[in-house]
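Structure at a glance
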Amino acid sequence: MTHERAGLPALDSDLVDVAKLITLYYADQPDPDNIDQRVSFGTSGHRGSSLKTSFNEFHILATTQAIVEYRRRQGTDGPLFLAKDTHGLSEPAWASALEVLAANDVQVLIDSRDGYTPTPALSHAILAYNRGRSSGLADGIVITPSHNPPPDGGFKYNPPDGGPASSEATGWIQDRANAIIASGMTSVRRIPLATALAQDSTGTYDFLEEYARDLPNVLDLDAVRDSGITLGADPMGGAAVAYYGHIAEMHGLDLTVVNPRVDPTWRFMTLDWDGKIRMDCSSPFAMANLVGMKDDFRVAFGNDADADRHGIVTPG
């Protein structure tokens, strides 16, 4: 049944308490005997919420340590690209992951702009680095629950092929992370964030610039520009927020970013079919703001928080 307020703007009562969300990330600890509080990998990653003790610091520390051990077993010894989206839990999870990666002497590359990174940009970075290499391959972690509601966090591993991790990989990482938590976290190596950031093994990478510059190799942007087509883009408060404007400027596109706002409560969203805030670009309810602008552009499009799903709106 469709909620009576589906497609209408969010109210204050719909918003997550971000301070509480982050406090519980650090304060609560999962019960390893509670199946709902264990690390559970779906499509390449673990998702949950600190409000349900299913996405907390212990989950991220243990999962990152498990990824360190998994990549060593696979002989993956190149850099690991570390990215995050705009969900409220992404920043603390990013910090926790970096503390573990640096403590384990993993070469980590983080965003040089200290911004947000869509999943396609992380995948591009991995593939671009690995092109022509047979050893010293890179992989990555992207911290995002995709289109999930604001209280959720997500933690995904991308192997050297740049795509979602296989079930073999996710199964091993999930089981090892849960074993680490059950054994009291004694296997986790960790250093303070400031120390991790100062490590020689921690470097930077310009995800945005490298991704935008390479686009003409896969898309005929000259044809798009020369057509005079008007484009509208709604990042829906997600990780692509800085990407569309940069791409438009670099390649001379008539593209307007209709919503440049980032807010971990997503107070600018319209409610999805069930009355929840959800950045689902396949839903006309979540896309109601962009649908209302359908006659302003020849083509308009929106994407979820990590920009691996897209919705198209045209006039009519």
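Residues numbered from 1 in each chain as written. Predicted model: local features only at pLDDT ≥ 70, side-chain atom pairs only at ≥ 80, totals over all residues. Heavy atoms only, no water.

Section: the overall build of the protein chain
A tally of regular secondary structure across the protein chain gives 10 helices and 10 strands. Along the first, second and third principal axes, the C-alpha set of the protein chain runs to 60 × 50 × 35 Å. Split into buried and exposed, the 316 residues of the protein chain put 55% on the buried side. At a minimum sequence separation of 6, the contacts of the protein chain that also span at least 24 residues come to 73%. Here the protein chain has roughly 13,500 Å² of accessible surface; of this, 50% comes from carbon and sulfur atoms. Averaging the positions of the 25 positive and the 42 negative side-chain charges in the protein chain gives two centres separated by 3 Å. (Helix = DSSP H or I, 4+ residues; strand = E, 2+ residues; numbered from the N terminus. Buried < 20%, exposed > 50% of the residue type's maximum accessible area, 1.4 Å probe, protein only. Contact = heavy atoms within 4.5 Å. Areas by Shrake-Rupley, 256 points an atom, 1.4 Å probe, with all protein chains shown as cover. Lys, Arg positive; Asp, Glu negative; His and termini not counted. Charge placed at Lys NZ, Arg CZ, Asp CG, Glu CD.)

Regarding the packing of aromatic side chains
Within this structure, the stated rule accounts for 10 aromatic pairs. An angle of 70 degrees between the planes, with centres 6.4 Å apart, marks the rings of Phe81 and Tyr129 as edge-to-face. Of this pair, Phe81 sits in strand 2 (residues 80-84) while Tyr129 is found in helix 4 (residues 119-130), placing the two residues 48 residues apart along the sequence. A relative accessible area of 1% means that Phe81 is categorised as buried. Seen from their ring centres, Tyr205 and Phe207 are 5.1 Å apart, and the 75 degrees between their planes marks the pair as edge-to-face. What links up through ring pairs into an aromatic cluster is the set Phe81, Tyr129, Tyr205 and Phe207. Positioned over the ring face of Trp94 is Lys84, at 4.6 Å from the centre of the ring. (Phe/Tyr/Trp six-rings, centres within 6.5 Å; stacked < 30°, edge-to-face > 60°. Lys NZ or Arg CZ within 6 Å of the ring centre and 35° of its normal.)

Considering the pattern of salt bridges
One pass over the structure, following the stated rule, counts 19 salt bridges. The partner of Lys156 in a salt bridge is Asp306, with the nearest N and O atoms 3.9 Å apart. Of this pair, Lys156 sits in strand 5 (residues 152-158) while Asp306 sits in the loop between strand 9 (299-303) and strand 10 (310-313), placing them 150 residues apart in sequence. We classify Lys156 as buried; its relative accessible area is 8%. On the basis of relative accessibility, which here comes to 0%, the residue Asp306 falls in the buried class. For Arg309, the salt bridge is made with Asp280, and the minimal N-O distance between the two is 3.4 Å. Here the residue Arg309 occupies a position in the loop between strand 9 and strand 10, and Asp280 occupies one in the loop between strand 8 (255-257) and helix 10 (288-291), the gap between them amounting to 29 residues. With a relative accessible area of 12%, Asp280 lands in the buried category. (Salt bridge = Lys/Arg side-chain N within 4 Å of Asp/Glu carboxyl O.)

Quick word on the nonpolar core
In this structure, Leu82, Leu101, Ile141 and Phe155 are the most contacted members of the largest nonpolar core, which totals 43 residues. Only helix 1 (18-27), helix 2 (57-74), strand 2, helix 3 (90-103), strand 3 (108-111), strand 4 (139-143), strand 5 and helix 5 (167-182) provide two or more residues apiece to this core. Broken down by element, this core gets its largest block of residues, 9 residues, from helix 3. With sequence-adjacent residues up to four places away left out, Leu101 is seen in contact with Thr64, Val68, Leu80, Leu82, Val106, Val108 and Ile141. Counting 27 residues, the second largest nonpolar core, distinct from the first, contains Ala125, Ala138, Ala212 and Tyr244. (Core = buried A, V, L, I, M, F, W, Y, C linked by side-chain atoms within 4.5 Å.)

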